[in-house]
2 protein chains.
Amino acid sequence: MARTRLTARAAEAKPRAVASAAAPAPATPDLSLAGVDGFIGYAIRRAQLSVFQDFGERMAEFAISTAQFSVMRLARDNPGLNQRTLAEALGAETSRMVLIIDELERRGVVDRLPSTLDRRSRAIYLTAEGRKLLRRLERRVAAQDRAMVKRLRGDDKDALLRMLRNLAKPL
Amino acid sequence: MARTRLTARAAEAKPRAVASAAAPAPATPDLSLAGVDGFIGYAIRRAQLSVFQDFGERMAEFAISTAQFSVMRLARDNPGLNQRTLAEALGAETSRMVLIIDELERRGVVDRLPSTLDRRSRAIYLTAEGRKLLRRLERRVAAQDRAMVKRLRGDDKDALLRMLRNLAKPL
DNA sequence: TATTGTTATACTCTATAACTATA
DNA sequence: TATAGTTATAGAGTATAACAATA
């Protein structure tokens, strides 16, 4: 990501014909976003960007995405789920889940086994290697979550989760 | 988006060889996401997905994206900013801002005027038509924000914004 | 030399449609 | 007929690099 900080205030007063540019003020704190940052949607987007970038940096060593991590958790705790169920649980498309699991299978962390009950579907299991990797990932993710709680500076994580879940519910 | 609801519980107990599929349980409430939904990052992602989809539906008539709306707000309240400053304010890449403003200019809602102070840069202004459109958009966005506050069911929007902003701050 | 706007490229994610093999 | 997995495709968004004009 960009990792930018707003440094300019600029914006001339009225000129409707020819205009000015942004003043390169050295280290101005923030500036008037003039309202957009008062919207819940905007605040969520900025937070999500920051949190996912942080996740990417902490997981760079393993080159694992948030989606891949979630699938691994789900596969370990609900062995034998099919791809459609995994996709629905995480709010992804089944076609996307195919690619995610393709990669996890290629890395040897999950197995796709043919189902005996429904020969169209494939049951997903975490391999021994997958469980090992997942344990390492979980320590990192737990550390990130603790770091985020620290950022909350005394505010209640449970209240945050409750609010976010209420916003996430389909209308 | 997918607008999915988890309907299966499934997942057989141990079978390491051949496996089962997900049971098509009719209307099971939710099921064990077994932990991922206890992470702040996961909760933020799901909320962001839901809120942005809702935004898209409410703005379908105008075919305006969240980024375009934010640029219009910023351009109205800070007339004459250049593209780099707009990009930094919204956490976007300058190359992305070019495309966003290309489209806004094509629709006649913003003007790109040459700067007299720095002939490399272009000052962005909302047109009269842009201001008119923005007023209509703002009513819709305000309505969406009110709808989200309702979803909070008594929880404090200010607390939510404060927490999200703290999470969004670059480490 | 550095910066602004721009173009181009690539990769991820999202969204659909279509196909196959099953059911 | 419908469903699971898959493939293909197209569109957003993200991230980089490079270039011209200008500073």
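All values derive from a computational prediction rather than experimental measurement.

**Q** Just to check I follow, could you spell out the overall build of chain A for this structure?
**A** Across its full length, chain A holds 6 helices and 2 strands. Secondary structure elements of chain A occur, N-terminal to C-terminal, as α-α-α-α-β-β-α-α. Taking all 171 residues of chain A together, the buried fraction comes to 49%. At a minimum sequence separation of 6, the contacts of chain A that also span at least 24 residues come to 50%. Per element, the accessible surface of chain A, about 8,300 Å² overall, is 53% carbon and sulfur.

**Q** Any chance you could explain the pattern of salt bridges here in plain terms?
**A** Close approach of charged atoms lets side chains of opposite charge pair. Residue and element names in this part refer to chain A. By the definition in use, this model includes 26 salt bridges over all chains. The salt bridge partner of arginine 136 is glutamate 61, with a shortest N-O separation of 3.8 Å. You can see arginine 136 sitting in helix α5 (residues 128–151) and its partner glutamate 61 sitting in the loop between α1 (40–58) and α2 (66–77), a full 75 residues away along the chain. Residue arginine 136 is classed as partly exposed on the basis of its relative accessible area, which comes to 40%. Via salt bridges that share partners, Arg73, Arg76, Asp77 and Glu138 belong to a single interconnected network.

**Q** Explain the protein's contact with DNA strand D here, please?
**A** Close contacts around DNA strand D come from 19 residues, with Gln83, Arg84, Arg120 and Arg122 of chain A together with Arg96 of chain B the closest. Sugar and phosphate atoms form 70% of the subset of DNA strand D atoms that lie within 4 Å of the protein. Arginine 112 of chain A places a side-chain nitrogen or oxygen 3.3 Å from a phosphate oxygen of DNA strand D. Contributing elements (two or more residues each) for the surface near DNA strand D: α3 (83–90) and α4 (94–106) of chain A together with α4 (94–106) of chain B. Sort the elements by how many residues they give to the surface near DNA strand D and α4 of chain A lands first, with 3 residues. Of the residues belonging to the surface near DNA strand D, the class tally is 4 nonpolar, 6 polar and 9 charged.

**Q** It is not clear to me how a positive patch on the surface should be interpreted in this structure. Could you clarify?
**A** All names here are of chain A. Where like charges cluster on the molecular surface, the positive patch consists of Arg131, Lys132, Arg135 and Arg139. In this fold, arginine 131 is placed in helix α5. With a relative accessible area of 34%, arginine 131 lands in the partly exposed category.

**Q** Looking at this structure, how should I read the packing of α1 of chain A against α5 of chain A?
**A** Working note: a packed helix pair is described by the angle between its axes plus the distance between those axes. Residue and element names in this part refer to chain A. For the pair α1 and α5, interaxial distance at closest approach is 11 Å and the crossing angle is 145°. Between α1 and α5 the crossing geometry is right-handed. Contacts from Ser50, Val51, Asp54, Phe55 and Arg58 of α1 reach α5 at Arg140, Val141, Ala143, Gln144, Ala147, Met148 and Arg151. Classifying every residue of the contact of α1 with α5 by side-chain character gives 6 nonpolar, 2 polar and 4 charged.

**Q** Whenever I open this one, the environment of serine 115 of chain A confuses me. Can you help?
**A** Residue and element names in this part refer to chain A. Relative to the elements of secondary structure, serine 115 occurs in the loop between β1 (110–114) and β2 (122–126). Residue class for serine 115 comes out buried when judged on its relative accessible area of 4%. Through-space distance from the C-alpha of serine 115 to that of glycine 80 is 8.6 Å; in sequence the pair is 35 residues apart. In terms of polar contacts, serine 115 uses its side chain to reach the backbone amide nitrogen of aspartate 118, at 3.1 Å.

**Q** Can you walk me through helix α6 (residues 157–168) of chain B in this structure?
**A** Since one α-helical turn is 3.6 residues long, residues separated by three or four positions face the same way. Helix length check: α6 of chain B, at 12 residues, gives a terminal C-alpha distance of 16 Å against a target of 16 Å (1.5 Å per residue), a fit within 8%. Taken across its 12 residues, α6 of chain B has 9 buried, putting it largely inside the fold. At its buried positions, α6 of chain B is contacted by α1, α5 and α6 (157–168) of chain A together with α1 (40–58) and α5 (128–151) of chain B. The N-terminus of α6 of chain B is capped by aspartate 156 of chain B, whose side-chain oxygen sits 3.1 Å from the backbone nitrogen of aspartate 158 of chain B.

**Q** Is there a simple way to think about the packing of aromatic side chains in this case?
**A** Pairs of aromatic rings are described using the distance from one ring centre to the other and the angle between the two planes. All chains considered together, the criterion is met by 4 aromatic pairs over all chains. Cluster of aromatic residues (ring-pair linked, three or more members): Phe39 of chain A together with Phe55 and Phe69 of chain B.

**Q** Is there a simple way to think about unusual backbone geometry in this case?
**A** One non-glycine residue, alanine 63 of chain A, lies in positive phi territory at about 50°. Looking at the secondary structure, you find alanine 63 of chain A in the loop between α1 and α2.

Criteria and thresholds
- Residues numbered from 1 in each chain as written.
- Chains lettered and ligands numbered in written order.
- Predicted model: local features only at pLDDT ≥ 70, side-chain atom pairs only at ≥ 80, totals over all residues.
- Heavy atoms only, no water.
- Helix = DSSP H or I, 4+ residues; strand = E, 2+ residues; numbered from the N terminus.
- Buried < 20%, exposed > 50% of the residue type's maximum accessible area, 1.4 Å probe, protein only.
- Contact = heavy atoms within 4.5 Å.
- Areas by Shrake-Rupley, 256 points an atom, 1.4 Å probe, with all protein chains shown as cover.
- Salt bridge = Lys/Arg side-chain N within 4 Å of Asp/Glu carboxyl O.
- Near = heavy atom within 4 Å.
- Polar contact = N/O pair within 3.5 Å; in protein donor to acceptor, adjacent residues only side chain to side chain.
- Nonpolar A, V, L, I, M, F, W, Y, C, P; charged D, E, K, R; others polar.
- Patch = residues over 30% accessible without salt bridge, like charges linked within 9 Å, V, L, I, M, F, W, Y side chains within 5 Å.
- Lys, Arg positive; Asp, Glu negative; His and termini not counted.
- Charge placed at Lys NZ, Arg CZ, Asp CG, Glu CD.
- Axes fitted to C-alpha atoms, helices over the stretch in contact; angles between N-to-C directions.
- Left-handed = near helix turned anticlockwise from the far one by under 90°.
- Expected span 1.5 Å × (residues − 1).
- Phe/Tyr/Trp six-rings, centres within 6.5 Å; stacked < 30°, edge-to-face > 60°.

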